[in-house]
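Residue-level listing of the chains:
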Amino acid sequence: MCYAIPAKLIAIKDNRTAVVDYFGEHRNILFDAATDNVQIGDYVYAQGGILVRKILQDEAEEILKSWREVFFELKKTDAALASIDQSSLPTNVLGVLQKINLRKSLKKEEMLALFDGLTTPNELKVLYEVANNVRQREHGNASCVHGIIEFSNYCRNDCHYCGIRCSHDVQRYRMTIDEILAVAHTAIDKYGFKAIVLQSGEDLWYDEQRLTTVVKETKKMGVLVFVSIGEREPEVYANLYKAGARAALMRFETSNAEIFAKLRPHTTLDKRVDLIKKIKEIGYVLATGFIVGLPGATNIDVVNDILLTRYLAPDMYSFGPFLPARGTPLENNLSPSKDTVLKTIAISRFVDSNANILVTTALETLAAAAKREALLAGANSMMINITPNAYKKMYAIYDNRACDTQDMDNTVKDTVDLLFSLGRAPTDIGMTVN
Ligand code: 5AD
């Protein structure tokens, strides 16, 4: 099974933009005319709205044959799940939801009204259904699955919420370059991943030179290389881009400068936001977001978090609930409720209807069934953990991570089963052409 359906390149708009076809659905993708040797009629893989590589026609046609029937079946399931039961719309939210259907943008007060005003199971059900409907309208049944390799849990930061903060006495590990590349190889060759996320604490042993090697070698395997390595000099990000990295994940954590200052000693929100902007300017596909429900944060903060994310114009929203980690200053604080996180997903979908919204492991850890619920409340992308089990357990940013007990085989199987049960197909996450 492959995680991406091959697409046919049907138009080249300019040096950067092309249009691809998936069984009659058209999507824009970014490519580089100078280095990607592609022509109209070629078959390609795309990930994150970016061309990853060309594939041979025979190979593509073979894969497409096996997908064709499944694809149309999946679309039917997705459409059925995305319909809204109009009869149960409560009157107090009708106005706001109508605005969403008319594609009007929501004001901050309206976002807050959805957060504060919707509480009963029936109201929440409608909210999530509308968000799922918008997701379907914007993305069809396209979904994207990226594999994360957590290659080091060394971190120079001391964030109060994080279990691998430098002052926490935990067992540290650092995968060798060869180990990282071996995992990437298995993920790509055996399981068909088309995007690999290289994630670590802020570990300066992995300097520019070592990171460049990992990025270059992973890129050679013909995938989208995502980096999630924390705050580095902008030049490091620029050079990793040159080495072939095309996507970067960096959350701003919270838009509340006071909470930020309290929980992230020696760093500032402004500096982090500046770096996120620079990463975007370099040309990276950007994933950013925040932690929902940090101690002291209110619903207004969550609304501001969503708005700051939108302002940063990312390609992908990444946020999950705060979960306490033993041995940290916040070990006795509570997590937000599952519905707070699902509401955050739904409202993000409304304010940025075309966004890619990730389901995160933190949400799954908070409530086992929440992954499915999130995909039905506006989320459309997944990052799954493919770190070898022995290391994964040590990447304990919070306790009892949902992914910790599964190996790559099970994780992949469960994810595919879940996506298929919801009618989702891995046709990438590029924008639909209007
Ligand atoms: N709960 C939830 N998310 C956390 N992160 C770190 N610690 C926690 C925690 N205790 C998140 C941060 C970081 C990402 C890699 O993990 O948002 O950016």
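Before reading on, note that the structure itself is shown above.
Residues numbered from 1 in each chain as written. Predicted model: local features only at pLDDT ≥ 70, side-chain atom pairs only at ≥ 80, totals over all residues. Heavy atoms only, no water.

*Asks:* Explain the overall build of the protein chain here, please?
*Replies:* Secondary structure summary: the protein chain contains 15 helices and 16 strands in total. Taking 434 residues into account, the globule formula puts the C-alpha radius of gyration at 22 Å, and the protein chain, at 21 Å, falls close to it. Of the contacts formed within the protein chain by residues at least 6 apart in sequence, a portion of 74% connects residues at least 24 apart. Within the structure as shown, the protein chain displays about 17600 Å² of accessible surface, and the carbon and sulfur contribution to it stands at 52%. Charged side chains in the protein chain number 51 positive and 54 negative. The centres of these two groups are separated by 2 Å. (Helix = DSSP H or I, 4+ residues; strand = E, 2+ residues; numbered from the N terminus. Rg over C-alpha atoms; globule rule 2.2 N^0.38 Å. Contact = heavy atoms within 4.5 Å. Areas by Shrake-Rupley, 256 points an atom, 1.4 Å probe, with all protein chains shown as cover. Lys, Arg positive; Asp, Glu negative; His and termini not counted. Charge placed at Lys NZ, Arg CZ, Asp CG, Glu CD.)

*Asks:* Explanation requested: the site of the ligand in the structure shown.
*Replies:* The ligand sits among Tyr161, Cys162, Gln199, Arg251, Glu253, Ile291, Pro321, Phe322, Leu323, Ile397 and Tyr398. Tyr161 places a main-chain nitrogen or oxygen 2.8 Å from a nitrogen atom of the ligand. One of the side-chain N or O atoms of Arg251 is found 2.8 Å from an oxygen atom in the ligand. Here the ligand, which alone exposes 410 Å², has 87% of that area covered by the protein. The residue makeup of the shell around the ligand, split by class, is 8 nonpolar, 1 polar and 2 charged. (Near = heavy atom within 4 Å. Polar contact = N/O pair within 3.5 Å; in protein donor to acceptor, adjacent residues only side chain to side chain. Nonpolar A, V, L, I, M, F, W, Y, C, P; charged D, E, K, R; others polar.)

*Asks:* Explain the environment of Ala182 here, please?
*Replies:* Relative to the assigned elements, Ala182 resides in helix H5 (residues 177-189). Accessibility expressed as a relative area gives 42% for Ala182, which makes it partly exposed. Ala182 sits 36 residues away from Thr218 along the chain, and the two C-alpha atoms are 9.7 Å apart. (Buried < 20%, exposed > 50% of the residue type's maximum accessible area, 1.4 Å probe, protein only.)

*Asks:* Teacher, can you tell me more about the packing of helix H10 (residues 299-311) against helix H11 (residues 338-351) here?
*Replies:* When two helices pack together, you describe them by how their axes are tilted relative to each other and by the distance separating the axes. Interaxial distance between H10 and H11 falls to 10 Å at its minimum, and their mutual angle equals 40°. Taken together, the axes of H10 and H11 lie oblique to each other. In the packing of H10 onto H11, the handedness of the crossing is right-handed. The residues of H11 that touch H10, namely those facing Val302, Ile306 and Arg310, are Thr344, Ile347, Ser348 and Val351. (Axes fitted to C-alpha atoms, helices over the stretch in contact; angles between N-to-C directions. Parallel < 35°, antiparallel > 145°, perpendicular 65-115°, else oblique. Left-handed = near helix turned anticlockwise from the far one by under 90°.)

*Asks:* Please explain the sheet that holds strand S15 (residues 381-385) as it appears in this structure.
*Replies:* Sheet strands pair by backbone hydrogen bonding; their relative direction is either parallel or antiparallel. As summarised here, the arrangement of the 8 strands in space is S6-S7-S8-S9-S10-S12-S14-S15, forming a closed barrel in which the pairing is parallel. When strand S14 (residues 356-359) meets S15, the two strands line up parallel, connected through 2 bridges. Residue pairing in the sheet places Val359 in a bridge with Met382 of S15. (Pairing = 2+ DSSP bridges.)

*Asks:* Mind showing me how you'd approach helix H6 (residues 208-220) here?
*Replies:* Since the α-helix advances by 3.6 residues per turn, residues separated by three or four positions end up pointing in the same direction. Its 13 residues place the ends of H6 18 Å apart at the C-alpha level, agreeing with the 18 Å of an ideal helix rising 1.5 Å per residue. Taken as a whole, H6 has its buried residues at Leu211, Thr212, Val214, Val215 and Thr218. Seen from one end, H6 has its buried residues packed into an arc of 165°, which puts them on one side. Every exposed residue of H6 that faces more than 90 degrees away from the buried side is listed here: Gln209 and Lys220. (Expected span 1.5 Å × (residues − 1). Arc of directions from axis to C-beta.)

*Asks:* What is the right way to look at the packing of aromatic side chains in this model?
*Replies:* To describe a pair of aromatic rings, you give the distance between the ring centres and the angle between the ring planes. A complete count under the given rule lists 11 aromatic pairs for this structure. Ring geometry for Phe23 and Phe71: centres 4.8 Å apart, planes at 35°, overall tilted. Here the residue Phe23 occupies a position in the loop between strand S2 (17-22) and strand S3 (25-30), and Phe71 occupies one in helix H1 (residues 57-81), the gap between them amounting to 48 residues. Neither Phe23 nor Phe71 differs from the other in exposure class; each is buried. The lysine or arginine in question, Lys194, covers the ring of Tyr45, its NZ or CZ lying 4.3 Å from the ring centre. In this structure, Arg210 packs its charged tip against the face of Trp205, placed 3.7 Å from the ring centre. (Phe/Tyr/Trp six-rings, centres within 6.5 Å; stacked < 30°, edge-to-face > 60°. Lys NZ or Arg CZ within 6 Å of the ring centre and 35° of its normal.)

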